[in-house]
There are 2 protein chains.
Amino acid sequence: MAGVVSSLRNSRVAAARKLQRTRVRRQTGRTTIEGPFLLEEATRSGCVVQEVFCLADDRATLELCTAHGIDVIVVEANVINGLADTIQPRGPVAVIGIPEAGSIQRVDSIVLWGVGDPGNAGTIIRTAAAFGFQVLATVDCVDLWAPKVIRSGVGAHFRAVPIEGVPPDPELLISSGLRLVVTAADGEAPLGEAVVGDDAVALIVGNEAQGVPVAVRQHPAVATAAIPMPGGTESLNAAVTAGIAMYERMRASAR
Amino acid sequence: MAGVVSSLRNSRVAAARKLQRTRVRRQTGRTTIEGPFLLEEATRSGCVVQEVFCLADDRATLELCTAHGIDVIVVEANVINGLADTIQPRGPVAVIGIPEAGSIQRVDSIVLWGVGDPGNAGTIIRTAAAFGFQVLATVDCVDLWAPKVIRSGVGAHFRAVPIEGVPPDPELLISSGLRLVVTAADGEAPLGEAVVGDDAVALIVGNEAQGVPVAVRQHPAVATAAIPMPGGTESLNAAVTAGIAMYERMRASAR
């Protein structure tokens, strides 16, 4: 093992730090993950872990890397701070290859349509993995492999690898054999009815501020579904809406 | 109007900045809110707005304060930065009196049992307001009047004023006439069955890391309910779990 790295100008540290930028992540097909849990999940899923930065006393990580033949770089706390996205990071920070997403399948799906909040995006991926939904995301969404999104996903990214870069065009999804359902305050049918059916459903969740574009909501092949709210003028968080919609679809399919 | 305040040492600015600490918020019964939307919601709900800090060109806020006779302090951008909790604040920042919570009613409730994440707590309050649930929180929860919690609540705090400081003892809730239901991976009944009934239900959501304490889950009067997950080993975010549980209860009651 080489010496302990204490400089952010170390070439490998500097290269990993560049992955904090969306553009660099997309160009290189790499991202970073943080913490022992995500590192374990990535390793277990067969994800390519290219290198791991950890503290000298982080025995668990050192052992995991030895066991899997992963290149490990022992660093000082300031380097972990410089690599990490959280406020009090303990490490490890790992550079991983972003897993290949498959092509769009004709199965129940959740579609992130311009979702911008990293916490919401990660939480939706987490719920989708729990409920067995395919995850699709339009090109204008937050980068789903940003560290904060992966953190909110709590490992779900590796089991329900999201399909990003979907053109924001309902026709594409329809031609993939998906029936589109949007939740809207003024939806035509209650959610519980709208999600019933033998076909594969694509539930669409919109941007936190703008919602789903009018052109999508008014598309003749898109059903709009309402979540009843006795509170009247209220609204729901995007990840909560997505969770309720996927739950309701899962229940309808199980009947 | 007095001159534009540019110093964080101005006595009113300094006093408002102290409200960033939980202890000071609790001692004084005050907190701060940020942004035009929350200020409008607070004003509309009849909440006591004690003073408002805003930029000189923030016409909408100046007009709102004049209309409601609210004391306004015009400040420089650095003061807004020092008062706000967000990264690129535009103001206004208002000091409000925390509304009085009522006593526990025998109505459908969501119970935050040691919930620690501000975003989750705020999102749960938002969902509760939409679905018409009473919000209860045990003493070990995050301060529900912390600015980040209020922000995630998107104004719901003023319509579903949470009852904080509930002792973490199931007996207290039972003696208030509430039937307790906890969601758990190994729940005895599916959620859809567990929430049915004419009585008032208290749905319990636990801490993000520890979940609901074993002593509560194993209490003979507490029902455990499972959200089915085809994904198997997965888990759900606390706010998503709470959202699904409240939605399911609301549907069961509407039948």
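Source: prediction; values computed, not measured.

1. With respect to the pattern of salt bridges
Counted by the stated rule, this structure contains 26 salt bridges over all chains. One salt bridge in this structure joins Arg251 of chain A and Glu248 of chain B, with 3.1 Å as the shortest N-O distance. Highlighted residues: Arg251 of chain A in helix H11 (residues 238-254) and Glu248 of chain B in helix H11 (residues 238-254), drawn from two different chains. Residues Arg44 of chain B and Glu41 of chain B are paired through a salt bridge, measuring 3.5 Å at the closest nitrogen-oxygen approach. Of this pair, Arg44 of chain B and Glu41 of chain B both sit in helix H3 (residues 36-44), 3 residues apart, which is roughly one turn of that helix. For Arg44 of chain B, a relative accessible area of 61% puts it in the exposed group. The buried category is assigned to Glu41 of chain B, whose relative accessible area is 9%. Here the salt bridges do not stand alone but share partners, grouping Arg25, Arg26, Asp143 and Glu164 of chain A into one network.

2. Structural notes on the packing of H3 of chain B against helix H4 (residues 59-68) of chain B
All names here are of chain B. Interaxial distance between H3 and H4 falls to 11 Å at its minimum, and their mutual angle equals 10°. With respect to H4, the element H3 is oriented roughly parallel. In this structure, H3 uses Leu39, Glu40 and Thr43 to contact H4, whose residues at the interface are Thr61, Leu64 and His68. Partitioned by chemical class, the residues of the contact of H3 with H4 number 2 nonpolar, 3 polar and 1 charged.

3. What to know about empty space enclosed by the protein
Residues and elements named next belong to chain B. Taken as a whole, this structure holds 1 cavity of 30 Å³ or more when the rule is applied. In this structure, the largest cavity spans a volume of roughly 50 Å³. In this structure, the largest cavity is lined by Ile110, Val181, Val182, Thr183, Leu203, Ile204, Val205, Thr241, Ala242 and Ala245. When residues of the lining of the largest cavity are traced back to their parent elements, those giving at least two are strand E8 (178-183), strand E10 (200-206) and H11.

4. Some details on the packing of aromatic side chains
Residues and elements named next belong to chain A. Counted by the stated rule, this structure contains 4 aromatic pairs over all chains. Centroid distance Phe131 to Tyr247: 6.3 Å. Interplanar angle 45°. Geometry classified as tilted. Linking Phe131 in helix H6 (residues 118-131) with Tyr247 in helix H11, this pair joins segments that are 116 residues apart in sequence.

5. Things to note about the sheet that holds strand E5 (residues 109-113) of chain B
Residue and element names in this part refer to chain B. The strand order across the open sheet formed by 7 strands is E7-E6-E5-E10-E8-E11-E9, and the pairing between neighbours is parallel. The open sheet has two edge strands, strand E7 (163-166) and strand E9 (189-190), and neither has a second partner. Strands in contact with helix H6 (residues 118-131) are E5, strand E6 (134-138) and E10; relative to E5, the strand with the most contacts, it is inclined by about 170°. Where H11 meets the sheet, its contacts fall on E5, E8 and E10, and the angle it forms with E10 comes to roughly 165°.

6. Quick look at the relation of the copies chain B and chain A
Superposing chain B onto chain A takes a rotation of 180° plus a shift of 0.0 Å along the axis, which leaves an RMSD of 0.0 Å. Taken together, the turn and the small shift mark the pair as related by a two-fold rotation axis. Interface residue correspondence from chain B to chain A reaches 100%, placing this contact among same-surface, isologous pairings.

7. Remarks on the domain arrangement of chain A
All names here are of chain A. Domains assigned within chain A are domain 1 (11-97) and domain 2 (109-254). On a C-alpha basis, the centres of domain 1 and domain 2 stand 30 Å from each other. The interface of domain 1 with domain 2 comprises 16 residues on the first partner and 12 residues on the second. Here domain 1 packs against domain 2, burying approximately 1100 Å² in sum over the two surfaces, 61% of which is carbon and sulfur. Here Asp143 and Arg26 are joined by a salt bridge, their closest N and O atoms 3.8 Å apart. Breaking the side of domain 1 that touches domain 2 down by element, the ones donating at least two residues are helix H2 (22-28), strand E1 (30-34) and helix H3 (36-45). For the side of domain 1 that touches domain 2, the element with the highest residue contribution is H3, accounting for 5 residues. Within the side of domain 1 that touches domain 2, the residues separate by chemical class into 6 nonpolar, 5 polar and 5 charged.

Criteria and cut-off values
- Residues numbered from 1 in each chain as written.
- Chains lettered and ligands numbered in written order.
- Predicted model: local features only at pLDDT ≥ 70, side-chain atom pairs only at ≥ 80, totals over all residues.
- Heavy atoms only, no water.
- Salt bridge = Lys/Arg side-chain N within 4 Å of Asp/Glu carboxyl O.
- Helix = DSSP H or I, 4+ residues; strand = E, 2+ residues; numbered from the N terminus.
- Buried < 20%, exposed > 50% of the residue type's maximum accessible area, 1.4 Å probe, protein only.
- Axes fitted to C-alpha atoms, helices over the stretch in contact; angles between N-to-C directions.
- Parallel < 35°, antiparallel > 145°, perpendicular 65-115°, else oblique.
- Contact = heavy atoms within 4.5 Å.
- Nonpolar A, V, L, I, M, F, W, Y, C, P; charged D, E, K, R; others polar.
- 1 Å grid on protein atoms, 1.4 Å probe; cavity = no way out; pocket = protein on both sides within 12 Å on 5 of 7 lines; lining within 4 Å.
- Points joined across faces, edges and corners; volume = space filled by probe spheres on them.
- Phe/Tyr/Trp six-rings, centres within 6.5 Å; stacked < 30°, edge-to-face > 60°.
- Pairing = 2+ DSSP bridges.
- Least-squares fit on C-alpha atoms with pLDDT ≥ 70 in both.
- Domains from an automatic or database assignment.
- Buried area = accessible area lost by both parts, 1.4 Å probe.

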